[in-house]
Structure formats: C-alpha cells, structure tokens
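An overview of the molecular structure
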Amino acid sequence: MVECPSKFPMIGREDVVAELRCDIDRLKEGIGGCVILEGAPGLGKTRLLEEITAYANQRQVAKASGYATELDHVAPMATLRSFPCGARWSDTEIAGLEGLKIVEQFRERLEAMLGNGPLLVVLDDAQWADELTALAMRILVPELSSSPVLWVLARRPGPVQGYAQRSIDWLLREEARLLRLEPLSEPQIVQLCSVLLRAEPDQKLLELASRSGGSPFLVEHLVRGLCDSDRLRIDKGVATLVDGDLSMDFLREGDRLLYNLSDSARWLLQAGSVLARPFTVEEVANLTGQSPVDTLPVFNEAVTAGVLVDRGEEFSFRHDLIRSAMYNTLPGPVRQILHREASTLLRKEGRPSGESALHLLRSDTEGDEQLLNVLCQAVEQMAATSPGAAADLILHVFHTLPADHKRNPALVADAVRLLATVGRIREAKEFAEEMLQAGMHLIDEGALLMGLADVSYLTGDYRAVLRYTDQALAISGIQQVVRGRLQALRAHGLLEEQSPGVDSVTAAETAATLAIEEAYRTADDSALACGYSGRCKAAREKGLLHTAAAFAREAVRIADDTGGHERHRHPRIWLSAVLTGADRLEEAEETLMTDQGQSDRLGTAWSKPLWHYHMADLRLVAGRLCEAKAEAEAGLRVAEQLNTSAQNVRLLVLLARVALHQGDLAACRDHIERTRRLLRDGEQHSPVLLTWVVAMLAQAEGEPDRAYTALSALLECDNLRMRLLVKAPHAAAHIIGITKQVGAAYNAAALLTTAQVLEEHNPDVPSIAAAARHAEGAHDEDLTKLHAAVQAYRSSPRVLARAMALYDTARLEAANDRHETVRLLESALRDFDACGAEREAECVRWELERRGARLGPSEKPVDGPGGVSGLTSSELRVARLVAEGLTNREVATKLFLSPHTVDSHLRHSFNKLGVNSRVELTRWVLANDESAMAALK
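Thresholds, definitions, all that
Residues numbered from 1 in each chain as written. Predicted model: local features only at pLDDT ≥ 70, side-chain atom pairs only at ≥ 80, totals over all residues. Heavy atoms only, no water. Phe/Tyr/Trp six-rings, centres within 6.5 Å; stacked < 30°, edge-to-face > 60°. Helix = DSSP H or I, 4+ residues; strand = E, 2+ residues; numbered from the N terminus. Buried < 20%, exposed > 50% of the residue type's maximum accessible area, 1.4 Å probe, protein only. Lys NZ or Arg CZ within 6 Å of the ring centre and 35° of its normal. Salt bridge = Lys/Arg side-chain N within 4 Å of Asp/Glu carboxyl O. Core = buried A, V, L, I, M, F, W, Y, C linked by side-chain atoms within 4.5 Å. Contact = heavy atoms within 4.5 Å. Pairing = 2+ DSSP bridges. Axes fitted to C-alpha atoms, helices over the stretch in contact; angles between N-to-C directions. Parallel < 35°, antiparallel > 145°, perpendicular 65-115°, else oblique. Left-handed = near helix turned anticlockwise from the far one by under 90°. Nonpolar A, V, L, I, M, F, W, Y, C, P; charged D, E, K, R; others polar. pLDDT = per-residue confidence, 0-100.

**What about the packing of aromatic side chains?**
In this structure the tally under the stated criterion is six aromatic pairs. An angle of 70° between the planes, with centres 6.0 Å apart, marks the rings of Phe279 and Phe317 as edge-to-face. Highlighted residues: Phe279 in the loop between α12 (263-275) and α13 (281-288) and Phe317 in strand β10 (residues 315-317), separated in sequence by 38 residues. Here Phe279 and Phe317 have matching classes, each one buried. Here the aromatic residues Phe279, Phe299, Phe315 and Phe317 are joined through ring pairs into a cluster of three or more. Stacked on the ring of Tyr468, the Lys or Arg Arg467 has its end atom at 4.9 Å from the ring centre.

**With respect to the pattern of salt bridges**
Side chains that differ in sign of charge can pair as their charged atoms come close. Counted by the stated rule, this structure contains 60 salt bridges. In this structure, Glu518 and Arg521 form a salt bridge, with 3.4 Å as the shortest nitrogen-oxygen distance. Of this pair, Glu518 and Arg521 are both found in helix α25 (residues 504-522), three residues apart, which corresponds to roughly one turn of the helix. Note on Glu518: relative accessible area 10%, which makes it buried. Through salt bridges that share partners, Glu70, Arg156, Asp320, Arg323 and Arg362 make up one connected network.

**Focus on unusual backbone geometry**
The backbone of Asp583 shows a phi angle near 70°, a positive value even though the residue is not glycine. Owing to a relative accessible area of 12%, Asp583 belongs among the buried residues under this scheme.

**Description of the nonpolar core**
Counting 160 residues, the largest nonpolar core has Val416, Val693, Leu724, Ile735 and Phe832 as the members making the most contacts within it. Beyond its immediate chain neighbours, meaning those up to four positions away, Leu724 contacts Val688, Leu689, Trp692, Leu714, Ala731 and Ile735. Within the second largest apolar cluster, 38 residues are counted, among which are Val121, Ala126, Leu132 and Val141.

**Brief notes about the sheet that holds strand β7 (residues 232-235)**
With mixed pairing, three strands are arranged side by side in an open sheet as β6-β8-β7. The open sheet has two edge strands with one neighbour each: β6 (200-201) and β7. The pairing of β6 with strand β8 (residues 238-241) spans two bridges and is classified as parallel. Looking at β8, one finds that Glu200 is bridged to Val238. Helix α8 (residues 203-210) contacts β6, β7 and β8 of the sheet and is inclined by roughly 70° relative to β8.

**Brief notes about the sheet that holds strand β3 (residues 119-124)**
Spatially, five strands are ordered β2-β3-β4-β1-β5 in an open sheet, and the strand pairing comes out parallel. Of all the strands in the sheet, the pair left with one neighbour each is β2 (62-67) and β5 (177-180). Between one strand axis and the next, the sheet turns through 15° on average, direction left out of account. In terms of strand pairing, β3 meets strand β4 (residues 149-155) through five bridges, oriented parallel. In the strand pairing of β4, Leu119 is matched with Val149. The strands touched by helix α1 (residues 14-28) are β1 (33-38), β3, β4 and β5; relative to β5, the strand with the most contacts, the crossing angle is about 150°. Along the sheet, helix α6 (residues 162-174) makes contact with β1, β4 and β5, crossing β4 at roughly 130°.

**Remarks on the packing of helix α30 (residues 607-621) against helix α32 (residues 648-661)**
Remark: α30 packs on α32, axes separated minimally by 10 Å, with the N-to-C direction vectors making an angle of 25°. Taken together, the axis directions place α30 and α32 in an arrangement best described as roughly parallel. Crossing of α30 against α32: the hand is left-handed. When α30 is examined against α32, the residues Pro609, Leu610, His612, Tyr613, Ala616, Asp617 and Leu620 are found in contact with a partner set consisting of Arg650, Leu651, Leu654, Arg657, Val658 and His661. Residues belonging to the contact of α30 with α32 are distributed by class as follows: eight nonpolar, two polar and three charged.

**Some thoughts on the packing of α32 against helix α33 (residues 665-682)**
Packing of α32 against α33 leaves a shortest axis separation of 8 Å and a crossing angle of 165°. The orientation of α32 with respect to α33, classified from their angle, is roughly antiparallel. With respect to the hand of their crossing, α32 and α33 are arranged in left-handed fashion. From α32, Asn648, Val649, Leu652, Val653, Leu655, Ala656, Ala659 and Leu660 reach across to α33, where they touch Leu665, Ala667, Cys668, His671, Ile672, Arg674, Thr675, Leu678 and Leu679. A class-by-class count of the residues in the contact of α32 with α33 yields 13 nonpolar, three polar and one charged.

**A few points about the environment of Gln60**
Within the element layout of this structure, Gln60 appears in the loop between α2 (45-58) and β2. Classification of Gln60 as exposed rests on a relative accessible area of 68%. Expressed as a C-alpha distance, the spacing of Gln60 and Lys28, which sit 32 residues apart in the sequence, is 8.5 Å.

**Concerning the environment of Asp764**
The residue Asp764 is located in the loop between α39 (749-761) and α40 (766-780) in this model. Residue Asp764 is classed as exposed on the basis of its relative accessible area of 52%. The sequence separation of Asp764 and Asp583 amounts to 181 residues, and the corresponding C-alpha distance is 9.8 Å.

**What about the confidence of the model for the protein chain?**
For the protein chain, the average pLDDT comes to 85, and 88% of its residues sit at 70 or higher. Across residues 247-251, where pLDDT falls below 50, the model places 13 contacts with residues more than four positions away in sequence or in other chains.

Structure (structure tokens):
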C-alpha cells in the first residue's frame, strides 16, 4: 500500500506564506496591521493560519487564536469565547453586560497580552463570527492600529451578508490588506500529487485530481483515499490507478472524503454535523441515543482517519467541507428529527437559547408554542449583545405564524426596535410599514408608530419622527403612557427639524409640556426625563440658558434616580450643551466626562458620536482647534464603526468650521459637500451652522455677494437667528460685516436685535454680553462699543471670539491712533496664533506688515503645531505617555480624553512624523525628548 506523508510543504501558496512571514517580521519590529485571507472552502486558509502561527512561535511572538462556526451568529460571544483570553468569561460575568462593555473587556485582555510584547490575533472562518465579535473587529482593529498587533482574519468570499462579512468589508475599505487565494493551477496540482505520492501521477490520476476544482484539501483527501483503498500502484516513479474506472459512489464528495469509515462512524459524524460547531462526546452520544462510553471507539476511528480533530474537551471536523458533506447525505426527515432532538438537548445543557431556537426552526416546526417560548428566551438573552441576530430570529418565526396570532404585535415591535438598534433602519421601517398596511389593532398600531418614531430620532430622521408621532397621536383611545412618550419624541423632532415658516420652538415647548403632564399622571419616568430634555432644548433655542439648565438638571436627576431606560437617553449631553453656551466650560467638560463613564457602563452606542460632537464644540468654543478637530474626527470614526450616521452632519459642519479657521479652504469645501450629500440623501433641512459656514467660506474666497445670498433665509427668520447666536454669539458681528460689505446693512437690524435680546435673557454670561457689544459696534461703527466688547471678552473663555473683536476694533481704530491699532492687532495675533487659527492670523500679519510693525516670533499655540515636528501640544502629550508604555485607554484616563480621541491624536502624529508604530514613535520621543518637553512647558 502506498503511504502519504503526514506533513508536507504547502504547494501554490509560497508567495502568500512569504508575505505573511514578512508581516510577522514587521510585527516583531513593532508594526502591526490587518490582513484578510480570503478563499473558497478547501483552498488552504486554515493551513495558512497554522503556518503563520508556527512562524510566530519561532519568532517568539505571542498569539491569540480563535475560530467561528456556522451557528455562532445566534450564540452571543461564541466566537470571542473561542479565543484563550475570551474563554475565561463565565456566564455570571457577562450576564446583563451590554455589547460595548464586553468589547471593552476583550480589549483590556488583549492589551494585557500586549504588555509582554507584539501580538498576533488570528480568526478562522471569520465570516461566521457572531454579531458581538463583528462589532469587536470594527472597533478594536482600528483602535489598536498604533499598537504592535497583527490581525489575520480568514473568510470565505461571497455576497455581503451578515454582520461579520459587513465588518470585514468595512475593514478592507479602511486599512486592511486583502490576500486572495486562488484555486491551484494544473502544474500545481501535479506538484501536490507528486509530493504526496513521492512519484509522478499518470494522466488518469491527474484527470481525477483535476475534478477537485483546484482545491488542495480535496486533492489531498482524494490521494489519501486512493492510497488507503489500495487503488494506486507506483512503478518506476510513476503513480498509476489500479482501477481506471472508479465507481460513481467513490467519486461522490461524501464518499471521497470519508472512504473506508465504518457505518457507525458515518452515523456519528452525520449526527455531529447537525450541531454545526465543535461538540463533546456526551452531546453526540445523547443525540444518537447511545452511551458516551460506547461511542469512544468510533470517535477514535474518526480521529485516526483524520476526519475529526481533538480540541481537548471537544471534537471538531477537520474541515467544514467534511461537515457539509456529511450533513448533505442526511435524508430530509432524518435531518429534521436530529435538529429537534438537538434543540431539546441544548436547552438541557443550558446552551445559548438562540442556538436551540435555530435548531427548532430547521426542524420545520411551524406555529409551535414551544418554538415561540424558546424564541422569546433567545431574544431576551441575545438583545443586549446581538440585537441584529435576535431580530433575525423573530423575523424567521414571524412568517411561520398565522396573521392573527396573539403574539404578532409584540414580535413586530421587538423586531423593529432591534433592527433599528443595529442600524438596519430601512429594513426596520419597511417591515413596520408593511405591518401597518396589513392592518393592526389601533392600540398596537400606536405602540408600533411610537417605536418607529423612537428609531427615527436615534438615527437622525427627524422628519420621520414628526410623521410617525402625528400619525400615532391622531389615533383615538391611545394609551396615556404611549401618548406621553409620543409628545416627548415629537418635541425633540420639532426642535431638530425646524421647518421654515413654522414656529417649531413654541410647538416643541407645548409638546414637551404635555409629555411631562402625561408622565406625571402615568408615573412614566421615561416620558418625564425625555419631556424635560425637550423643555431644556426648547428653552435653549429661545436663548433662555438658565431655564434650559434647570430643565436639563431635572432630566438628569430623574435618569439617575430611576436608573432605567431613561439613562440611555443621556440627558447630561444636553446639560453640557447649555453649560457650554453659558461659558461654563469646565463644568460642561466634567458633565461630559461623567456621561462618558455612564455610557461605558451602559454600553449605549448611539450617543457616542453625539458625545464627541459636543466635546468638539466645547474645544472649538475654547479656541482649541486641533483638539476640536481630533474629537470630531473621532466621532465620525465611531459612527462608521457602529454603522450609524445620525450625528455626521453636525460633526462635518464642525470640521468645516475648524478647517476654515486653519486656512484649509479645500478641506472646508469637502466637508460642506459631504454634509450636503447627507442632507440630500436624508431629505433634511440645512442646519443653521452650515448656512453660516457656507457664508464664511464664500467671504474667505472673496465673494461677499454669495455669502450674503447664503444668509438671506437666516436674516429673515427669528428662530433661525436666535438658534445661530445661542451656538455662536460672535456670528452676529461677522454677519453684520458681510451685510455692510454688500451695501445691505439695513438688513442686519433684526440680527442686532436678536443679539441684544439674547443678552437680556443671559446678562451674566460674559461672551453673550461681549458679542452684543461687538455686534453694536460693527453695526454702528462705534469704537466705544467695540472696546467694551474686547473688555467683556476678557472675562470669557472664548479666545477666538475675543481675537475677532480685537481685529475689528483695530481696523476701525486705524483712522485715529496707529499705536493703539498695532497694539490691538498684536493682541489679536497672539490669540489667533494661540488657537491655531492660521487664516485669521495671516490676515492680521498682513495688517501689521503694511503698517510697518516689526513681527516677532509667533506665540506658542495652545494646541497648534509645535516645533520642527509639527505635532500639537495634545499630540505631544499623547506621544510621551505612549512612549512610557501606556495603552490608549490608560492615556485617555490620564489626560481626561476618550480613547477614540487618543487614537485620533496618534493617527495625526504617525502621519506627521512618518512613523508606523508605537515603537517608532517611542524612538522619536526618546530622540527628541528635550525639545518635546520644552514644547509642553
């Protein structure tokens, strides 16, 4: 009998092996990355992962290896738990934890491993990973990109479907590298056969091997099967088929892979294939009605034959092709019975409910109460960590139930909520709309419309919020608790949508008041907290910041006292916005940091981009442009990772404002165009800050007429004017300047009145009073008022606004006192330089130069470029802490930042310094330590 070697080199994969080894060598030097290894089943992905893992061992690189199985998508954390650092999780530890919290814990465990050196993370069959693992990939791969971590993810190609495949495709669009495996060529098949047989294959053997489709796995098993069945003869270095006309039975896939196994071994493997994951001896024995001891010889036979692999406490098929082949040989009725038995067995074992429910679904059980009970358990268990998979389970079962089944309304509501949670908004809305058209009881319809309104609010579709709430509120006899929540949502929708020609603020104030009244009557804390948040936002829109703060604090108190779903609304974010507007920046920052800690504990995802926006706005108000940019960029990345774009418009407008101040007009135009595309796609109204930044850009490009045209609607609308000045009080003077440029100063009177009303409402807010004096001085060309504005700004934290007032005062002073003009310009230049506002600083330098002033070195920016490195002070601080060995999370804690912001600073530092790893960054810090520290003093 011809014997094949147990180990042999990979054929046709030499280039891929060399490339992956090069990646390990770079990893050893501290440079990580992400590689997607893609290929059809049987092309050698698993073998390549084994090769690269072995090479990592040789290079003394730590590794964390995991694998996914077909049913992982309904078993939360199943894939994460396949990693050694994930296997330590107990059911008690993860009970009640939200998805983001689990991802954070997994990150901490990886970072603990990184403490000992570079790390290789390998995941096989990643296309089957559960939803939580898919989320971990989207978050951790980019966040750990500056660390010495190499991710190698193997997946099968195919149409995009499922969370894991979408996450991998997203990684490929971002920064991952694709290595695609192709089928073996004819010469490579010849070479593989020659290596296995230690002889040249004859033509008939090659024709048979060619039927493998170039799969090295199938070629190997074909050759081994022929050898084991004594169907090959080797003579004078040539391997020849003994039986040149093999039967069709032998050529069938299942027989070709499992030839010469006993009937009992085949039955055991067929039963095990139904489980679609690694299994224990006890599980297969119970499934087939045998004693575990009686099955041991059969397991031994399967392992000896190379069909099963011993994983310690479990066995798995050596390759999924074998499992699929065995599963496909089962007759339909037998397969259904095994699935039903598997469901019962898994429930007894305490396995994830989703896994049990999926087996029941595959057993063709229709309308069964047992299935519904198992489903409800599964949905409850999966909702926190795998909401999308939970929704899919509901949809599977829903279509098997009669149209009038009593559980339908609850199932529909749960499915819509869960689909929306994972960003499948269109699917959620289409399903809900379909159910509404099919006809539901009015009470159920009202609850469903409320769910749709809630979904639309979280995703930024405020027009839909109003449509759904108006439709639901028109239903007679709707429950009071539902009515209260609808009014609260309607208030938020009105404030965000702000349709032209509609007094949205007053309407929102009324809706929020009704929500609070209903909430007190029904003792509904959710509507109460949401209603008070609505009152807060309405008061802020009217310029009543003290009133707004009182309402926001009440919403926070309710959320903290009840500790329920109300906290998921994150009322502290709205409180921070009010505090920022009132110049209480330190308190606003403290409020946001408290909210971040709460968000981490709760695992809420939707609020994170919004959190970054308000932190970026706070930085912009303080004149820390580079930090504002880093926060906004971090918010955009988080939105992409979480597959939600609700806050992208806000973030892009803020980035456009920063780019304009920094003199990057091309970036400003790009951000504006991206914002407009989002608005067109979502059929949303243009936000007032976008109107302003478009006008500022036009003025910067020397087109004041175009700037004035862009502002026309804002100048005519009371609500829009107040809305702008609450967020940017200094805009009044800027816009008045534009109207004077085009000879339309008469059209700025209403804007000036708005600035004065805002001051009347908030007499103790320095920047608002200063902005009113600035606007009056610009409108009346009154030096006394301009000087008063500058003086008032000295009590305000708004450095950029003060610099603008200094610049305008200097230009008007020029006709009177040259020395005073120069002094004012020099003060403005110091402030603009300190903020990194290069465009405005350049204008001031030009004014000084034409007056003959001697310009000394620029002031050190608060957060602008520093020294020859070009790093900002924030980037330098992060770089030094990284050089000390701190992780991103530890740096974030030390500097009171979010980990996403730290990651943003590191990305900028890498680009500026031309480095690719934390190791190289550390070398730079050590080589430039003295200058780096001097820049921080």
